[in-house]
Structures are given as structure tokens and as C-alpha cells.
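Each chain, letter by letter, is given below.
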Amino acid sequence: MRLLHTSDWHLGRAFHRVNMLGAQAEFIGHLVTTVRERAVDAVVVSGDVYDRAVPPLAAVELFDDALHRLAALGVPTVMISGNHDSARRLGVGAGLIGRAGIHLRTEPSAAGTPVVLADADGEVAFYGLPYLEPAVVKDEFGVEKAGHEAVLAAAMDRVRADLAARPAGTRSVVLAHAFVTGGEPSDSERDITVGGVAAVPAGVFDGVDYVALGHLHGCQTLTDRVRYSGSPLPYSFSEAAHRKSMWLVDLAADGSVDAERVDCPVPRALARIRGTLEDLLADPELTRHEEAWVEATLTDPVRPADPMARLAARFPHTLSLVFDPDRDEDESEVSYARRLAGRSDQEIAEDFVAHVRGAGPDAREQGVLRDAFDAVRADETVREVAR
């Protein structure tokens, strides 16, 4: 069976205020063309279909168009909700849509109930594990302590139990939206840390033939059977080195996997350039970036006049301007934004405690802070589900 694995469409998302809807529509057209021309038997979409729980109307219309075009091909699609999606909204009409071959899996309780498709070699069971917010689903899965590994392990126990009851030789595919150990994150993914831990081991998914992951935006192979497709478009400059693609996966009769990357159309290249303003304006090596979306980091010791306008004269698609002066400076002079760059909410809070009282939090206080951040995150999720 030939599968096309994609995820993290983030319909409705902009890139540094650049409207990406046209590029997203081009990707959907590319997806449909790939399904048709490469004789795909099933499409799997591993979450974050939308960029936010209440997407703009234009994004909903694009999603509707995608569903109609995939259904018209007669190729089944299995799709799960991610941490950016509202599972309830995405799942509206799932039963009816399923009659058209578009199978939406947004309910955690259905983790062990697969979509079963068949080819000449027999049946393939597709198990959809939507994003599982531990504090929200821990009772559903009967785990005492809310954590990503615990709830995913419990969901996978249901998958393996169902699979064990099926005829010998039934192949299996799991769709999951999670941060799996060994994956390389980008700046554009929303933090899902719970209890100080975000990642789960790949071994959680043992016992199935292929695991189609979503959440991380870089295409990655954790094992031959466990892969991220990554986002089809860039959503931060941290993805400048990414090759945006989907996985075309051939699942053999014995469950073995052969995978090929299919490149996605990207509207512009991304470039990160660094130096003094005068150097950036004069360097002939940077000519290749003149039509790219640019993030420029200026190292001038003193902020130059009109830097964005002057950069845009050479690099008209400059979207981000960062100042990082090459000078010796006391840590107290470092900008607030630079001090916070790359730090988690927990680390920022711990730094604040250290700043105001002269000593950082002890282990008990770290636990209090961690529980508070987890409670806020869980409360936001519960309130979204209740809308």
C-alpha cells in the first residue's frame, strides 16, 4: 500500500506578517497532483491542520476545498487533530465526512478503533492518535500522573490490543502528534512541555509497521518506521535550512517500509544573513539572497540610521531585523529580548526569582512553578474544548 504522509499544514498562518494562504493553496494543489500522479492509495495527515483553534474563514474554505478534491480522487484520507487545532471543531461532521473517504480522528477515546483499508496484500489498520493533552485525557486512559509518555503509552496499549485481535498479517499505521525523543525542534512549534518534559521515547510506538508523526516542522527520520513529515511550508527563520517535503511510503505485504521524499513548492527561499549594515549592503556573496525572505542580524556597535529601509533597497523581502552588536558589554546591558531568546517559560520564571531575591528557586519551588505552568496550559486547553 502506498501512503502519502504529511502534517502541520497550519492553514491560516502568516510568515512574519506575509499572508501564506496563496502558498498553502498551492501546496494543496501539489498534494492532490502527487496523489493522482504517484498512484497513492491513502493520505495521512498528522495534525495541526489549522494554525489556531478558531481559524479564519479563508483557511476553513481552503480546508473544505482540500477535502472535496481528495474525496473526488477516491483516495482515502486519515487525519488527526494537533495541538494547534480545536479537536471538537475539526471533528464536526466526522461521521458524515467519513462516508466520502475522509476519516477525521479527533477523539482520544477512539485511539484503539482503526480505519481499516485493504489492498491486494490484505488489510491495513490506521490508528489515529490526536494530540493528547495529558491533564485533559489522563482519566480517559486511566493514568495516575499526567504526562505525555504515560498517556501515549496507554493509547498505544489500546492500539496493540486491537491489533492483536485482528487476523495475522494485518499491517498497521499509527498517526500521532507529539514530540518524540531524537526529533529536532524549530522556533515555530508551540511548546507542549508538561511536568518539565515534552519528549516521549520512540519505543512507545513499538509493535506497529509505520508511525506517521506530526508536530515538529522539520522532515526527520527517527527510525525506518518512525518519521516526521514536517510542515510543507516554512513558518520561522529557524527553518531556513529545511527541505520542505512529504513522505511517500510503500508498505510492503510483510510490513516493511520503503520511503521517498517528495518536495513541496515553497514561495521563496529563506536566508539568515549577519554582519554590519555596510558589509551586508556591499558583500557580493549575498547576491543569491536578494530575492529571498531575509532575516538580517546587524552587528554594528551603534545602531545605524534607517537600517530596514537601507536593507530593503538591496533585499526587498527583508522581514526580520535583529541587532546583535559586536562589542564587550556587561550582561546587564544585553537586551531583554536577547536574554529571553530560546528560554522556556519555566526558565524565565526561575531567572526572575533569582533576580528579585538574589538566589534561584530550590527543588520544591521549581516544582511549584512547573505545576503552575502545567495548570495554566491545561486550563487553556479545557476552556478551548468547552467553547
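For the protein chain, an unreviewed UniProt entry supplies the name Nuclease SbcCD subunit D and the organism Streptomyces variegatus. Regarding the protein chain, the relevant UniProt record gives this comment under Function (unreviewed entry): "SbcCD cleaves DNA hairpin structures. These structures can inhibit DNA replication and are intermediates in certain DNA recombination reactions. The complex acts as a 3'->5' double strand exonuclease that can open hairpins. It also has a 5' single-strand endonuclease activity."

A probe matching the size of a water molecule, rolled over the atoms, marks out where space remains unfilled. Taken as a whole and judged by the stated rule, the model has 1 cavity of 30 Å³ or more. Space inside the largest cavity adds up to approximately 40 Å³. Surrounding the largest cavity, Tyr-131, Leu-132, His-148, Leu-152, His-177 and Ala-178 form its lining. Of the residues that constitute the lining of the largest cavity, the class distribution is 4 nonpolar, 2 polar and no charged.

Once that is clear, we can look at the sheet that holds strand β19 (residues 318-323). Within the open sheet, the 3 strands sit side by side as β17-β18-β19. Their pairing is parallel. Looking at the sheet topology across the chains shown, the edges are occupied by β17 (270-275) and β19. Mean inter-strand twist for the sheet, computed between neighbouring axes without regard to direction, equals 15 degrees. With 5 bridges connecting them, strand β18 (residues 293-298) and β19 associate as parallel partners. When the bridges of β19 are listed, Ala-296 appears paired with Leu-321. In the packing of helix α8 (residues 307-314) onto the sheet, the strands contacted are β18 and β19, and the crossing angle to β19 comes to about 135 degrees.

Counting 33 residues, the largest nonpolar core has Leu-129, Phe-141, Leu-152, Met-156, Val-174, Phe-205 and Leu-213 as its most contacted members. Counting only elements with at least two residues in this core, the list comes to β8 (122-129), α5 (134-141), α6 (148-164), β9 (171-177), β10 (179-180), β12 (210-214) and β14 (226-228). Tallying contributions element by element places α6 first for this core, with 7 residues. Among residues more than four places away in sequence, those in contact with Phe-141 are Pro-108, Ala-111, Leu-132, Val-151, Ala-154, Ala-155 and Arg-158. By size, the runner-up hydrophobic cluster in this structure holds 27 residues, among which are Trp-9, Leu-62, Leu-67 and Met-79.

What follows concerns the environment of Asp-51. Considering the arrangement of structural elements, one finds Asp-51 in the loop between β4 (42-46) and α2 (57-73). Here the alpha-carbon distance between Asp-51 and Asp-85, two residues 34 residues apart in the chain, equals 6.7 Å. Not counting chain neighbours up to four residues away, the residues in contact with Asp-51 comprise His-10, Leu-11, Gly-12, Arg-13, His-84 and Arg-190. Side-chain polar atoms of Asp-51 contact the side chain of His-10, separated by 2.9 Å. Here Arg-13 takes part through its side chain, which lies 3.3 Å from a polar atom of the side chain of Asp-51.

Bringing the pattern of salt bridges into the picture now. Any two side chains of opposite charge can pair, so long as their charged atoms come close to each other. Under the counting rule described, the total for this entry stands at 18 salt bridges. A salt bridge links Arg-272 to Glu-295; the nearest nitrogen and oxygen atoms lie 2.7 Å apart. Note that Arg-272 is positioned in strand β17 and Glu-295 in strand β18, a separation of 23 residues in sequence. The class of Arg-272 is partly exposed, set by a relative accessible area of 48%.

Relative orientation and spacing of two packed helices are given, respectively, by the angle between their axes and the distance between those axes. Where α5 contacts α6, the two axes come as close as 10 Å, and the packing angle between them is 40 degrees. As judged from the angle between their axes, α5 and α6 are oblique. For the element pair α5 and α6, the recorded crossing hand is left-handed. Along the contact surface, α5 presents Pro-134, Val-137, Lys-138, Glu-140 and Phe-141, while α6 presents His-148, Val-151, Ala-154, Ala-155 and Arg-158. Looking at the contact of α5 with α6, its residues break down into 6 nonpolar, 1 polar and 3 charged.

On to α6. In this model α6 runs 24 Å from its N-terminal to its C-terminal C-alpha over 17 residues, within 8% of the 24 Å that 1.5 Å per residue would give. Buried residues of α6: His-148, Val-151, Leu-152, Ala-154, Ala-155, Met-156, Val-159, Asp-162 and Leu-163, and no others. The inward-facing, buried residues of α6 contact β8, α5, β9 and β11 (199-200).

Bringing unusual backbone geometry into the picture now. Positive phi is not limited to glycine here, since His-16 has a value of about 50 degrees. Within the secondary structure, His-16 is located in the loop between β2 (14-15) and β3 (18-19). Of note, Asp-48 is a non-glycine position whose phi angle comes to about 55 degrees, a positive value. By secondary structure assignment, the location of Asp-48 is in the loop between β4 and α2.

What counts as what
Residues numbered from 1 in each chain as written. Predicted model: local features only at pLDDT ≥ 70, side-chain atom pairs only at ≥ 80, totals over all residues. Heavy atoms only, no water. UniProt positions renumbered as here; feature names shortened; annotations may be inferred. 1 Å grid on protein atoms, 1.4 Å probe; cavity = no way out; pocket = protein on both sides within 12 Å on 5 of 7 lines; lining within 4 Å. Points joined across faces, edges and corners; volume = space filled by probe spheres on them. Nonpolar A, V, L, I, M, F, W, Y, C, P; charged D, E, K, R; others polar. Pairing = 2+ DSSP bridges. Helix = DSSP H or I, 4+ residues; strand = E, 2+ residues; numbered from the N terminus. Axes fitted to C-alpha atoms, helices over the stretch in contact; angles between N-to-C directions. Contact = heavy atoms within 4.5 Å. Core = buried A, V, L, I, M, F, W, Y, C linked by side-chain atoms within 4.5 Å. Buried < 20%, exposed > 50% of the residue type's maximum accessible area, 1.4 Å probe, protein only. Polar contact = N/O pair within 3.5 Å; in protein donor to acceptor, adjacent residues only side chain to side chain. Salt bridge = Lys/Arg side-chain N within 4 Å of Asp/Glu carboxyl O. Parallel < 35°, antiparallel > 145°, perpendicular 65-115°, else oblique. Left-handed = near helix turned anticlockwise from the far one by under 90°. Expected span 1.5 Å × (residues − 1).

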